[in-house]
Every structure is written in C-alpha cells, then in structure tokens.
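# An overview of the molecular structure
Residues per chain, in single letters:
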Amino acid sequence: MKGILEGSHAAAEAAKLCRPDVVSAYPITPQTHIVERLAEMVADGELDSEYICVESEFSALSACLGASAAGSRVYSATSSQGLLLMTEVCFNVAGMRQPIVMSIANRAVGAPLSIWNDQQDSIALRDCGWIQIYAEDAQEIHDFHYIAYKVAEDHDVLLPVFICFDGFILSHTYEPVDMPTQAEVDAFLPPYKPYNMLDAKNPISMGMYATPEYYMEFRYEIDQAMVRSLDVIRRVGKEFGQKFGRDYSNLVEAYKLEDAEVAIVALGSVSGTIKDAIDEMRADGKKVGLLRLIVFRPFPAEDVKKALSGIKKVGVFEKNLSIGARMKGAVGYEVKDAVNDSSVSVLSYVAGLGGRDITIADIKKMVGEIEAGRGDCFLGLREELI
Amino acid sequence: MADKTCELVDCGHRACGGCGPAFAARLILKGSGPESIVCASTGCMEVFSTPYPQTAWKVPWIHSLFENAAAVASGIESALKKQGRKENVLCICGDGATFDIGIQCISGAFERGHNITYICYDNEAYMNTGIQRSGATPYDASTTTSPAGKRSTGNNRPKKDLPQILAAHGSPYVATCSIAYPNDVIKKVDRAVQTEGPCYIQIHTPCCTGWGFDGAKTVELAKMAIECGLWVNYEMVNGKVEKVKKIKRKPVDEYLKSQKRFAHLFKPQRNDVEIAKIQAIADVNAEKYGIDL
C-alpha cells in the first residue's frame, strides 16, 4: 500500500508493523514525531504494546534493555543529546547482546545548541557495538526497520541496530512510501525468539562482571558478531528484495562510478543532492561518481574497495567532525583504510554541520578541491565569523 | 511467596566474612521466593556474587549499570505484563546506587507506578570502591572522601531521608528494616512483593570492612543502631507511618565507640560537642517516629 508519509511516520509505521512488545522513548527534536505517532497508535489500540513514558533517554534505553532481557521485542528512537545521554547504556546493550532496534533522527550535538542536522551523534557512537544503517529517503527509513530487526535477532549476530536518517531533512519531509501489510511483515519477520532470557523457571545471571581472564574474549566475540553481520545484512536485504521488490543486498550504493575519475563518498540524505550535482557535472563532461555508504558499522571495507577500484581521487563528505584528527571527519579514515592504496588520494571534507545547507554549487566546489588535491578541511566556512 | 527455609543465594560467593549485605540478600529472597527476578546495580553485591563464570543467584538476575536498575526493572515489568507473566520484579541495590547516582531512574519508575519492589541495602557508603561517602553516610562518619582530620569531624551532612522521598512519590508501601531482625525483613519483603505498585524497602546492613568492626559482630552492630535510635524500623502505608519498632533507648555512645568510622570522636579525647549532635539526631528520630517505650 502506498501512502504519502513524513519520514518520522515512515519509521513509526514500520516500527508498529514489527510488533514491538515494549516501546520506550523520550521526546527530543527532531525525533519527536516518531514517539508521538507511536503513542497515538497505542492510545487508539492500533498497536498492542507496553508504551513506557520514561523520564529521560537514559531510562528509555535502560527500560528497553530490561524488556529485551525479559524476552520481548523492543523499540526506541532518539537524536543528538538524547543519544549521548544513552551512551553508557548503548555500550551495555551491545555488550549484553540485546537485539534492540532504535531509530536515530540525526542531529548536531552541543555546544553550541543546535537542533538541526548533521551526523555527529551516531558517528560519535561508532565504537559502541551497534550496527549503523543510514537511509537516504523515507522508503529506506521504512524498509530498514524490518531488515534491522531480522538482522539484530539473528543468532549469528545478536547485536542492536541504529537506523539513522537526517533530522528534519528526512524526518520532517513527506514522500511516497510503499508499506507492506501486517501479514507480509509477519511472514518476513517471525515472532521474537530470544537466545536467552530472564525467566524464573530457568534462572540465569546476565551482566555479570568479568576479570582480566575473561573480559577480552567477550569483546572479541562482539567484534566477530559485528563482522558476521555483514553477510547477514546482505542475506536479509536480498530476502527483503525478493519479498517486497526493493533489494538491499548491497551495503553500499554506487552512482555513476564505473568510469568515474573523481568519487565522492557520503552517507544519508545528502546523497540525493550529490547525485543531482553529478548529473549536472556529467553533462559538462566531468567524470564524477558517488559511493553512498548504507552501512557504516560494520564497515563494508571490501565493498568500498571494490566500488572505488581504479579511481585515483576520492573525497569523503563528512557530516561529522573528529576534533583533533588530521583528516577532519571520522568516515574518511575508514575509506582510506579500505582503499589501502598510496597512489589514491582520499581527502575528507566537513560540511553541513548544524544544519548548514548543502547546495549543488557546494558539491561542485568540493569536486574542484578533490581534483586539486586540497582537502581535510571544512567546506563553506564563513570566514568573516572566524 | 515467603518461604523461610528456601536458600536462593548460594554459598561460596566472595563476600567478606560477616558481610551485612550478603545476609540481607538471603533474607530478601526468602521473602520474595523463587518466582523472582532480581535487578542489581554495580556495587559490592554484584561483584561478590557474580564473578563470571560463576553466580550465587538461584533466581534470574541481571546487572546492567550502576545507576539504572530501576529503569531496567521498569522494562522487565512491562515485558512481563505484555507476556502475561507474574514473577516478582525486585531491585537490590546499594545506597550509592540508590541515594545518589540512581535516584532519577528510581523517581521515574515510582512516578510511573511500575509494580516493582526496590530494595536498598544500606551500608552507608560506597564500600565497593573503598569506603567513600554517599548520601546515606551518617553525620560525622569518617570515610575516604569525608575523612576526619584537623579541620574535619568527618561527613558533615546528615543522612538523606530516602524513604520519605519515595513515599512522597505515592508509593503504597515503604519500609525500613535491619538484618538484626531477620523475620521482620522476610515479612516486609513478602508484603512489598504482594503490594501492587512500586514499593521501597531500605535494609540496614552494617559493613565490617567499611565501618571498622569485627565481622563476627555484624548483627550486634545492626541491633545497636536500632537500640540507640540512629536507625528506625517502620512501615509506611500510603505515606502514613505505621508499625514502628519501639525500644528502650540507649545513648548513642556505645554504638559509635564500637566502630572505627567514629573513632575520631573519642580519640585523643572525647568530642562532646559532636557526640551531642549525633545524640540529637537520634532524639529527633525518637520524637518523629515515637520509638521510645
């Protein structure tokens, strides 16, 4: 069924069809519309879930952890400061291998306070053990929820998932979205079967402490599960394609890369602007292409290497800032490492922080900088303010 | 259901000899029975009872973080409700986790009215990290972060009244108890788990290491705290104090003298001014709760 949905509601509708037993979230701009929509669904009896109105994001994710440990499928959503307030719990959820799915409406973090979009929040949590998937449009926001639960709950994975999408740009934009029926979702995503759970009939202890004799092996196993998830995401993405016609078996998307001389790497909604810029530049005879990272954790290094093979000039579009690093953004390092070729120039460009608009002209300027070998810098700084 | 004979905390855990909290854990589970799920905070009890790959818990047990047991319990309770299950959801957390770092999560859980029983084992300081003061540390106790010195007589703030704070949340049942009275602990936990809504129990658990006394005397110390009026055992139902343990009150001196954390009040000479202040705290307790026989 097709509907015209706001990005946030594309997330909420998908979350509903995944039949979470427990929903717990705290309102924060620009995520708010998701939890409001879910609250309405519960109030109207459309969604039969326990909806916990917590007093903070910290408790939201803690409650999700408890509910998941007790054998329920759970859902949450947040942004920015809310995600940072959850940080300690995020590490804990991954360490305790609870397959929680959480939507992130990406937003800048303070200070200064900004409610507008960049991807600093989720990128800052790249090492906490959550799979990170980035959507480009409302359809992907919607579809990725089904895929996320199926991947998270796979017993070869058992890791939590962030579904990231740019705040306001996607969360507050209306687009046509093709929604499956409940029966179709049920056939794709069976009821949650926990690997283990809190149950008085079969008592187990969870979240114990580990001495130096044991700790490292736990962390190793989390990393191995993350590595294994690469194939699971491909498999589930393919299965989704077979059932619903939209194939997500690729962890990256290549746009006009085959004969490209310059490649831009990006995540999320800005890819649309970049594609338009590429179309214009191609019309001018410039051989430019885009590599969109759909999955950032686990990092699909092999896919990136393959997609960029033969291209000597790569620019990474960073909606995050790794303060104090030589390359300015965190994504660039991963791309450079994946390419692993000293004859290839991989430069990073920080842009669009705190909601600064990104135009086709900006992208064209960036391509000029990539060609000239000038990078690892901020794009579009207002010199008069510095 | 309460079963005084059941042992749901196994022997062989790593607690100190004479550990008050370890005794409390056994009593608590005798009160709540095998159909219980325990949420723990980071702290002594978590560490002495669950060094991976061993566990002392014969009921389902979960530890997430230092400060979020009440929120984790909220999630568990909600999940049980959705699944139509009936286990008793307990939090068993130390005073640092309860009085200080976890109070926001506790307040949220109580305000939301989850059907959980939150039990604080109160050993009156951060014992797991080496005896630092908490909001539960009594006035004048010397701890590693409130040491007695030339210009200090130890912790300079009175103990926070957490039972009153949680009663003010509309909790249907708030109680204090002590390991000195095991049957009373079992009875109160049983009552709490059978009461619908968020209940709070604070159990006084002397810590031989942190307070500085012989581990053979833990129960004796707990009893002395009650007999001098520095600890009061009572039940509050819907915010009203009921069933206070009455005593023939003794001066606070003997209780203070028997612990190293108060030794500075007696050496090199007796500090009458400070001891009088502590006596006044006991007197206020006696008046407030009507404990004098």
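Residues numbered from 1 in each chain as written. Chains lettered and ligands numbered in written order. Predicted model: local features only at pLDDT ≥ 70, side-chain atom pairs only at ≥ 80, totals over all residues. Heavy atoms only, no water.

This part covers the sheet that holds strand 11 (residues 262–266) of chain A. All names here are of chain A. Across the sheet, six strands lie side by side as 10-12-11-14-15-16; this open sheet has mixed pairing. The open sheet has two edge strands with one neighbour each: strand 10 (252–255) and strand 16 (377–378). Here helix 10 (residues 270–283) sits on the sheet and contacts strand 10, strand 11, strand 12 (288–293) and strand 14 (313–318); the angle it forms with strand 12, its principal contact strand, is near 165°. (Pairing = 2+ DSSP bridges. Helix = DSSP H or I, 4+ residues; strand = E, 2+ residues; numbered from the N terminus. Contact = heavy atoms within 4.5 Å. Axes fitted to C-alpha atoms, helices over the stretch in contact; angles between N-to-C directions.)

What follows is about the UniProt feature "domain: Thiamine pyrophosphate enzyme TPP-binding" (unreviewed entry) in chain B. On the UniProt side, "domain: Thiamine pyrophosphate enzyme TPP-binding" (unreviewed entry) is annotated at positions that read residues 42–203 of chain B here. Regarding residues 42–203 of chain B, the helix share stands at 35% and the strand share at 19%, and the terminal C-alpha atoms are separated by 18 Å. (UniProt positions renumbered as here; feature names shortened; annotations may be inferred.)

A word on the nonpolar core. Residue and element names in this part refer to chain A. Judged by nonpolar contacts, the single largest core of 116 residues is most densely connected at L308 and V335. For this core, the domains that each give at least three residues are domain 1 (2–244) and domain 2 (252–385). Beyond its immediate sequence surroundings of up to four residues, L308 is in contact with L257, A263, V265, L291, V314, V335 and V339. One finds C18, V151, L159 and L170 within the second-largest nonpolar core, a separate group that totals 53 residues. (Core = buried A, V, L, I, M, F, W, Y, C linked by side-chain atoms within 4.5 Å. Buried < 20%, exposed > 50% of the residue type's maximum accessible area, 1.4 Å probe, protein only. Domains from an automatic or database assignment.)

Geometry of an aromatic ring pair is reported as the spacing of the ring centres plus the angle between the planes. Throughout the structure, instances matching the rule amount to 16 aromatic pairs over all chains. Judged by centre distance (4.8 Å) and plane angle (80°), the ring pair of F218(A) and Y52(B) falls under edge-to-face. Placement of the pair is F218(A) in helix 9 (residues 215–244) and Y52(B) in the loop between helix 2 (44–49) and strand 2 (61–63), with the two residues belonging to separate chains. Three or more aromatic residues joined by ring pairs make a cluster, and in this case those are F144(A), Y146(A), F188(A), F240(A), F244(A) and Y248(A). Positioned above the aromatic ring of F188(A), the side-chain terminus of K150(A) is 4.5 Å from the ring centre. One cation-aromatic arrangement involves R297(A) over F296(A); the distance from NZ or CZ to the ring centre is 5.0 Å. (Phe/Tyr/Trp six-rings, centres within 6.5 Å; stacked < 30°, edge-to-face > 60°. Lys NZ or Arg CZ within 6 Å of the ring centre and 35° of its normal.)

Turning to the domain arrangement of chain A, a few remarks are in order. All names here are of chain A. Segmentation of chain A into domains returns domain 1 (2–244) and domain 2 (252–385). Taken residue by residue, the interface counts 27 residues in domain 1 and 28 residues in domain 2. Roughly 2,000 Å² is buried in total at the junction of domain 1 and domain 2, and carbon and sulfur atoms are behind 53% of that figure. On inspection of domain 1 and its partner domain 2, the count reaches six salt bridges. In this structure, the salt-bridge partner of K275 is E136, at a minimum N-O distance of 2.9 Å. Inspection of the region where domain 1 meets domain 2 yields 17 residue pairs in polar contact (both at pLDDT 80 or more). Among the elements of the structure, helix 6 (120–124), strand 6 (131–134), helix 7 (138–153) and helix 9 are those that each provide at least two residues to the side of domain 1 that touches domain 2. Considering each element in turn, the side of domain 1 that touches domain 2 owes the most residues, five residues, to helix 9. (Buried area = accessible area lost by both parts, 1.4 Å probe. Salt bridge = Lys/Arg side-chain N within 4 Å of Asp/Glu carboxyl O. Polar contact = N/O pair within 3.5 Å; in protein donor to acceptor, adjacent residues only side chain to side chain.)

Before going further, it helps to spend a moment on the pairing of strand 5 (residues 101–106) of chain A. Remember that side chains alternate between the two faces of the sheet whenever the strand is regular. Residues and elements named next belong to chain A. Within strand 5, six of the six residues are buried, leaving the element largely enclosed by the surrounding structure. Here strand 5 shows no split at all, with V101, S103 and A105 on one side and M102, I104 and N106 on the other all buried. Pairing geometry for strand 4 (residues 74–78) and strand 5, over four bridges, is parallel. Pairing of Y75 across the sheet is with V101, part of strand 5. Across six bridges, strand 5 lies against strand 7 (residues 161–166) in parallel orientation. Across the sheet, V101 pairs through a bridge with V161, a residue of strand 7.

The subject of this paragraph is the pattern of salt bridges. In the structure shown here, the tally under the stated rule is 51 salt bridges over all chains. With a shortest N-O distance of 2.8 Å, E7(B) and R26(B) are connected by a salt bridge. With E7(B) in the segment before helix 1 (20–32) and R26(B) in helix 1, this pair connects stretches of sequence that are 19 residues apart. Accessibility expressed as a relative area gives 32% for E7(B), which makes it partly exposed. With a relative accessible area of 33%, R26(B) lands in the partly exposed category. Each of the salt bridges in this network shares a partner with another, and the network as a whole consists of E13(A), K16(A), R37(A), E40(A) and E46(A).

Next up on the list: the interface of chain A and chain B. At the interface, 39 residues of chain A touch 40 residues of chain B. Both faces combined, the contact of chain A with chain B buries some 3,100 Å², and carbon together with sulfur accounts for 61% of it. Remark: the boundary between chain A and chain B carries four salt bridges. The salt bridge involving E55(A) is made with R112(B); its shortest N-O contact spans 3.0 Å.

A few words now on helix 5 (residues 87–95) of chain A. All names here are of chain A. For helix 5, the set of buried residues is V89, C90, N92, V93 and A94. The elements touched by buried residues of helix 5 are helix 3 (57–69), helix 4 (80–85), strand 5, strand 7 and helix 9. The first or second residue beyond helix 5 is R97, which carries a positive phi of 60°.

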